[in-house]
Amino acid sequence: MERDVHSGMIMFNVLENGAPRWGSIPTHPFEEGGSASSGLSECLSDTDDNGYPDPVSGLTLERLSNSDWSRVDGSISGHSLSIGSLDDDSTGVSEITVRASDGVKFSDTVITFHVLNVNDAPRIDLTGIDEFTVNIGDRIPLELLDRMTDIDDQDEEIWATAMTFVPGSVQFNPITGILTMAWEESGEEVVTITLEDR
């Protein structure tokens, strides 16, 4: 049995819609606690309804949304988007949606910012023990393990050392986390505690 086949062609005329257009915008990396800025004029183009170019200087930009308000915040001034980390420890990807408008028509784009992790030094909370008075010969033990933290690594990986100007008056046990201090002469003493991550 023979089949009859018929084909045809449909033609479309695609017209310019006059809305602003976004070009490709690369991901912007910056370190935690830092900031980044991006000029957006070179990523934009605009035409009128007939397809003739319009200057991008006539476009207004507006920040519409932020995928993670707890990580970064941003603002637009003219055609520049500035973004900053809200603290020194938050990392990851945030997406900012920006709208370009010519006053009649608009188009949106998503700009991706990658907040990079930077290895932070461990920290110690000396609240309540940063200054006190002791008697000559008294041995003062202080538990430091619960006071040491590292935002980037496990707290067990912290290596602590303690020193003072009087040899032998301060000893730190890294296994128990106990800092023991005793002085045989009166005066003002300073103990320096140094933390390192491994």
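Residues numbered from 1 in each chain as written. Predicted model: local features only at pLDDT ≥ 70, side-chain atom pairs only at ≥ 80, totals over all residues. Heavy atoms only, no water.

Caption draft 1: Looking closely at the side chain of Ser 107. For Ser 107, the location among the structural elements is in strand 10 (residues 106–116). Among the polar contacts listed, one links the side chain of Ser 107 to the backbone oxygen of Pro 20, at a separation of 2.6 Å. (Helix = DSSP H or I, 4+ residues; strand = E, 2+ residues; numbered from the N terminus. Polar contact = N/O pair within 3.5 Å; in protein donor to acceptor, adjacent residues only side chain to side chain.)

Caption draft 2: Region of the structure containing the packing of aromatic side chains. Under the definition given, this model contains one aromatic pair. Their ring planes at 70 degrees and their centres at 6.4 Å tell us that Phe 30 and Phe 113 sit as a pair that is edge-to-face. Taken together, the positions of Phe 30 in strand 2 (residues 28–31) and Phe 113 in strand 10 put the pair 83 residues apart, joining distant regions of the chain. Across the pair, Phe 113 and Phe 30 agree in class, each one buried. (Phe/Tyr/Trp six-rings, centres within 6.5 Å; stacked < 30°, edge-to-face > 60°. Buried < 20%, exposed > 50% of the residue type's maximum accessible area, 1.4 Å probe, protein only.)

Caption draft 3: Geometry of the sheet that holds strand 10. Taken in spatial order, the four strands of this open sheet run 2-10-9-6, and their pairing is mixed. The strands lining the two open edges of the sheet, one partner per strand, are strand 2 and strand 6 (60–66). Direction aside, the axes of adjacent strands within the sheet are offset by 30 degrees on average. Pairing of strand 6 with strand 9 (residues 92–101), which is carried by six bridges, proceeds in the antiparallel orientation. (Pairing = 2+ DSSP bridges. Axes fitted to C-alpha atoms, helices over the stretch in contact; angles between N-to-C directions.)

Caption draft 4: Examining the pattern of salt bridges more closely. For the structure on display, the rule yields five salt bridges. The shortest N-O distance in the salt bridge between Asp 68 and Arg 71 comes to 3.1 Å. A relative accessible area of 15% places Arg 71 in the buried class. Residue Arg 123 pairs with Asp 89 through a salt bridge whose shortest N-O separation is 3.6 Å. Residue Arg 123 is found in strand 11 (residues 123–124), and its partner Asp 89 is found in the loop between strand 8 (80–85) and strand 9; the two are separated by 34 residues along the sequence. For Asp 89, a relative accessible area of 25% translates into the label partly exposed. (Salt bridge = Lys/Arg side-chain N within 4 Å of Asp/Glu carboxyl O.)

Caption draft 5: Layout of the sheet that holds strand 7 (residues 72–77). With antiparallel pairing, three strands are arranged side by side in an open sheet as 3-8-7. Only two strands of the sheet have a single partner each, and these edge strands are strand 3 (35–39) and strand 7. For this sheet, the mean angle separating the axes of adjacent strands, direction not counted, is 15 degrees. With six bridges connecting them, strand 7 and strand 8 associate as antiparallel partners. Looking at the pairing, Asp 73 lines up with Gly 84 of strand 8.

Caption draft 6: Focus on a nonpolar patch on the surface. There is a patch of nonpolar side chains on the surface, built from Phe 165, Val 166 and Val 190 and spanning about 310 Å² of accessible area. Along the chain, Phe 165 turns up in the loop between strand 14 (158–163) and strand 15 (170–173). (Patch = residues over 30% accessible without salt bridge, like charges linked within 9 Å, V, L, I, M, F, W, Y side chains within 5 Å. Areas by Shrake-Rupley, 256 points an atom, 1.4 Å probe, with all protein chains shown as cover.)

Caption draft 7: Focus on the environment of Arg 123. We classify Arg 123 as partly exposed; its relative accessible area is 43%. Counting along the chain gives 70 residues from Arg 123 to Ile 193, while the straight-line C-alpha distance between them is 10 Å. Once residues within four sequence positions are removed from consideration, Arg 123 is found in contact with Asp 89, Arg 147, Met 148, Thr 149 and Leu 195. (Contact = heavy atoms within 4.5 Å.)

Caption draft 8: Broad picture of the nonpolar core. Ranked by internal contacts, the top residues of the largest apolar core, which has 18 residues, are Trp 22, Leu 40, Val 98 and Phe 113. Looking at this core, the elements with two or more residues in it are strand 8, strand 9 and strand 10. Apart from the residues within four sequence positions on either side, Trp 22 is in contact with Leu 40, Cys 43, Leu 44, Leu 61, Val 98, Arg 99, Ala 100, Ser 107, Asp 108 and Thr 109. Counting residues in each nonpolar core, the second largest holds 13 residues, with Leu 144, Leu 179, Met 181 and Leu 195 among its members. (Core = buried A, V, L, I, M, F, W, Y, C linked by side-chain atoms within 4.5 Å.)

Scope: geometric values only; no functional claims are made or implied.
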